[in-house]
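# Summary of the model geometry
Residue-level listing of the chains:
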Amino acid sequence: MMLIEINEKVSNLEKQIETLNTQMMEICDNRDMKTSVMPKEYYELLKERQYLESELRPLWQEQSRIRREIQKHNSYIQKKPFVNSYGEATKREITNSTYQRAQKRIEKTLLAYVGL
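Source: prediction; values computed, not measured. Think of each chain on its own: its residues are numbered from 1, step by step along the sequence as written. Residue-level local features of this predicted model are given only where pLDDT is at least 70; pairs of side-chain atoms are given and counted only at 80 or more, and the full residue set underlies all totals for whole chains, interfaces and linings. The side-chain figures draw on all heavy atoms in the structure; neither hydrogens nor water molecules are used.

Here we take up the nonpolar core. To form a nonpolar core, buried Ala, Val, Leu, Ile, Met, Phe, Trp, Tyr and Cys residues must be joined to one another through side-chain atoms within 4.5 Å. Note on classification: 1.4 Å probe, protein chains only; a residue is buried when its accessible area is under 20% of the maximum for its type, exposed when over 50%, partly exposed between these limits. With 14 residues, the main nonpolar core has Val10, Leu13, Met24, Leu52 and Leu56 as its most contacted residues. Numbering of helices and strands starts at the N terminus; helices are DSSP runs of H or I of at least 4 residues and strands are runs of E of at least 2. For this core, the secondary structure elements donating two or more residues are helix H1 (3–30) and helix H2 (40–78). With seven residues, the top contributor of residues to this core is H2.

Now the structure itself:
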């Protein structure tokens, strides 16, 4: 499927889910507060919403897969080689060992702080 088709399907399903959510909120607001049980219509709408969400999840995954492929393709096209001070283009990583050691030390400190 094309990204445009998937976007249309996703937007339609999201609109349907939003209308179900508003209906569920209205039922919840208008129910009898003396009982803790929700009306039967609420659970029917909930089941329908869950069904729509189960249809929506694979579409989201397909949508993100297609976007990743597009971005991956565009990143190869737009990537420019590094040009040093002599005007020479190179593909190698430009760094030094001191910078790399400092980055590893900072990463370890942050991971220890976070608790990993």
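What follows covers the packing of aromatic side chains. Any two rings among Phe, Tyr and Trp, with Trp reduced to its six-membered ring, count as a pair given centres within 6.5 Å; such a pair is stacked if its planes are under 30 degrees apart, edge-to-face if over 60, and tilted if neither. Tallied over the entire structure, the rule returns one aromatic pair. Judged by centre distance (5.5 Å) and plane angle (85°), the rings of Tyr42 and Tyr43 are edge-to-face. Residue Tyr42 is classed as buried on the basis of its relative accessible area, which comes to 18%. What makes Tyr43 partly exposed here is its relative accessible area of 42%.

This paragraph deals with the environment of Thr90. Along the chain, the position of Thr90 falls in strand E2 (residues 89–90). Look at Thr90 and you get partly exposed, because its relative accessible area is 22%. Along the primary structure Thr90 and Leu111 are separated by 21 residues, whereas in three dimensions their C-alpha atoms are 33 Å apart.

Below, the discussion takes up the confidence of the model for the protein. Reading predicted coordinates in detail is not appropriate for stretches of low pLDDT. Residue-level confidence of the predictor, termed pLDDT, takes values from 0 up to 100. Per-residue confidence for the protein averages 87 on the pLDDT scale, and 94% of its residues sit at or above 70. Here strand E1 (residues 82–83) is the element of the protein with the lowest mean pLDDT, 78, and H1 is the one with the highest, 92.

This part takes up H1. Along its 28 residues, H1 runs 40 Å from first to last C-alpha, staying within 8% of the 40 Å computed at 1.5 Å per residue. Residues of H1 that are buried include every one of Ile6, Val10, Leu13, Ile17, Leu20 and Met24, and no others. Residue count minus one, scaled by 1.5 Å, sets the expected span of a helix.

Moving on to the pattern of salt bridges. Salt bridge criterion: a side-chain nitrogen from Lys or Arg within 4 Å of a carboxyl oxygen from Asp or Glu. According to the stated counting rule, one finds three salt bridges in the structure shown. Across the pair Arg49 and Glu53 runs a salt bridge whose closest N-O atoms are separated by 3.6 Å. On the criterion of helical spacing, the pair formed by Arg49 and Glu53 is a turn pair, its members being four residues apart in helix H2. Note on Glu53: relative accessible area 25%, which makes it partly exposed. When the shortest N-O distance is used, the salt bridge between Glu69 and Arg65 registers 2.5 Å. Here Glu69 and its partner Arg65 are both found in helix H2, four residues apart, which amounts to about one turn of the helix.

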